[in-house]
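# Observations on the model geometry
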Number of protein chains: 2
Amino acid sequence: MSKVPVMEIFGPTIQGEGMVVGQKTMFVRTAGCDYSCSWCDSSFTWDGSGKHLIVQMTAEEIWSELKRLGGNGFSFVTISGGNPALLRNLESLIAVLKENDIKIGVETQGSKWQEWLHEIDELTISPKPPSSGMITDFSVLSDIIRKLKNRNSEQHISLKIVVFNQADYEYAKQVHLRYPTIPFYLQVGNDEITSTDNPQLISHLLEKYGVLIDRVIADEQLRDVKVLPQLHALVWGNKRGV
Amino acid sequence: MSKVPVMEIFGPTIQGEGMVVGQKTMFVRTAGCDYSCSWCDSSFTWDGSGKHLIVQMTAEEIWSELKRLGGNGFSFVTISGGNPALLRNLESLIAVLKENDIKIGVETQGSKWQEWLHEIDELTISPKPPSSGMITDFSVLSDIIRKLKNRNSEQHISLKIVVFNQADYEYAKQVHLRYPTIPFYLQVGNDEITSTDNPQLISHLLEKYGVLIDRVIADEQLRDVKVLPQLHALVWGNKRGV
Ligand code: SF4
Ligand code: SF4
């Protein structure tokens, strides 16, 4: 059977961001990313530092591990990365999850297409703003969005942009105005991903959240948008695997 | 023209809780409630203390005030209370908002039916748990949910329970298991609604949020649920009108 490189499997926990914020979920984190964002909080998935953690697993093995950890207490699995859309053979995991009546969430930056993206119940596309150091290929992104919209399935899709600075904010606005019918999320960037001083981190992130809200409130071009913090950073700081 | 008792109109701001958490929105707060929850954070809408703030307004007058405050910078209006479902003639406001392509959110405790509930795009039904001192009439609640489901319109509905203690948690679980197909939200109760010490309030509420998450994580009977804090209390403390 075909295998996928798995970095970590954990949960149940709560989805801390985006369109299903607050959702009780298990996480499967795959290895590998085609980007290298300057502020990536999962760089161990692609920079070599987590190489020893990678396990090649079949869909059945991943499902067994999910059941071992989560028992009967979950109905939702989030596949994150890295960029899970690098892996064509995630389709077998998706099939197993569907057989077991599990809803599936995925986050990807919108740089790669896979047919299985049609099967994801809650699909977050999160193009990376200038502060990441990455350049968005809008022809690829538009093609992905067009494919998803054409199929017009039951699935929910959304766009999410993390904002660190003014240039990111302008980029976010461009993305929203380019795809105005796609539900749109702005998220506060965490620029202190190595901080272990949680009270300080929390007050810093909430202050930045307030600033982003104020900017959106004053901006007549951003109307039908949602502005969210990362809840997991507020609850657990920069701890990994929660 | 028929008028409705309006307590306050404000925005644009961000919806701090529930199914449209993070949404940029205007707020119209109506006066009056058929409940008197022990921990009500809007008791000025019904306990007489805000009587001098009530203005009887037509739908057109409310719309003018929304435009004056929000200009062209909003596409969503939240009608809150008190209990807006006490007011049959909110239907004229709803008609004006729809004519202007505005999406509408409402929160009500599920104690009163109005035909216009069918017209609400994002409808949160928030039955009150034991700590409120109120008793849920489940026959009324079930009737409301049945009516909404029968119409099977484009609208989104959800159930939201605020949890202060163990009895509230058990109540929430009962409600979810009774209506398992309705999207379900658990929210941390704010038991310090008079606190003005924001850093202390934030750390208290985040700690309680973490405890609620842990309880849900460990509970195999709560699977397809979302657990959220009140974002506005984290950003603005107990300040009113934001
Ligand atoms: S796309 Fe995501 S996982 Fe990849 S480098 Fe950027 S932030 Fe990290
Ligand atoms: S139902 Fe809502 S507005 Fe009415 S008393 Fe309870 S908390 Fe307050």
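Summarised in this report is the structure supplied together with it. (Residues numbered from 1 in each chain as written. Chains lettered and ligands numbered in written order. Predicted model: local features only at pLDDT ≥ 70, side-chain atom pairs only at ≥ 80, totals over all residues. Heavy atoms only, no water.)

## A word on the environment of Asp34 of chain B
All names here are of chain B. For clarity, the threshold we go by: Strands are runs of DSSP state E lasting at least 2 residues, helices are runs of H or I lasting at least 4, and numbering of each runs from the N terminus. By the convention used here, residues are in contact when the closest approach between their heavy atoms is within 4.5 Å. Whenever two N or O atoms come within 3.5 Å, that pair is a polar contact, provided that in protein one can donate a hydrogen and the other can accept it, and provided that, for residues adjacent in sequence, both atoms are side-chain atoms.
On the secondary structure map, Asp34 appears in the loop between strand S2 (24–30) and strand S3 (55–57). Separated by 194 residues in sequence, Asp34 and Leu228 have C-alpha atoms that sit 26 Å apart. Once you skip the residues sitting within four places of it in the chain, Asp34 turns out to touch Asn83, Leu86, Gln109, Ser111 and Lys112. A polar contact of 2.9 Å, which involves the side chain of Asp34, links it to the side chain of Asn83. At 2.6 Å, the side chain of Asp34 and the side chain of Ser111 are in polar contact.

## Observations concerning the pairing of S2 of chain B
All names here are of chain B. Filter applied, for reference: For every residue, the accessible area (1.4 Å probe, protein chains only) is compared with the maximum for its type, and the residue is labelled buried under 20%, exposed over 50%, or partly exposed between those bounds. In this analysis, strands are considered paired if DSSP registers two or more bridges between them.
Counted residue by residue, S2 has seven buried out of seven residues, so it is predominantly covered. Here S2 shows a buried face lined by Lys24, Met26, Val28 and Thr30 and a second buried face lined by Thr25, Phe27 and Arg29. Summarising the sheet, strand S1 (residues 4–14) and S2 pair through six bridges and their orientation is antiparallel. Bridge pairing in S2 places Ile14 opposite Lys24. Across four bridges, the pairing between S2 and strand S4 (residues 76–80) is parallel. Paired with Val28 across the strands is Ile79, a residue of S4.

## Considering unusual backbone geometry
Residues and elements named next belong to chain A. The peptide bond linking Gly11 to Pro12 adopts the cis configuration, its omega dihedral lying at 0 degrees. On the secondary structure map, Pro12 appears in strand S1 (residues 4–14). Of note in this structure, Asp101 is not a glycine but carries a positive phi near 65 degrees. One can find Asp101 in the loop between helix H2 (90–99) and strand S5 (103–108).

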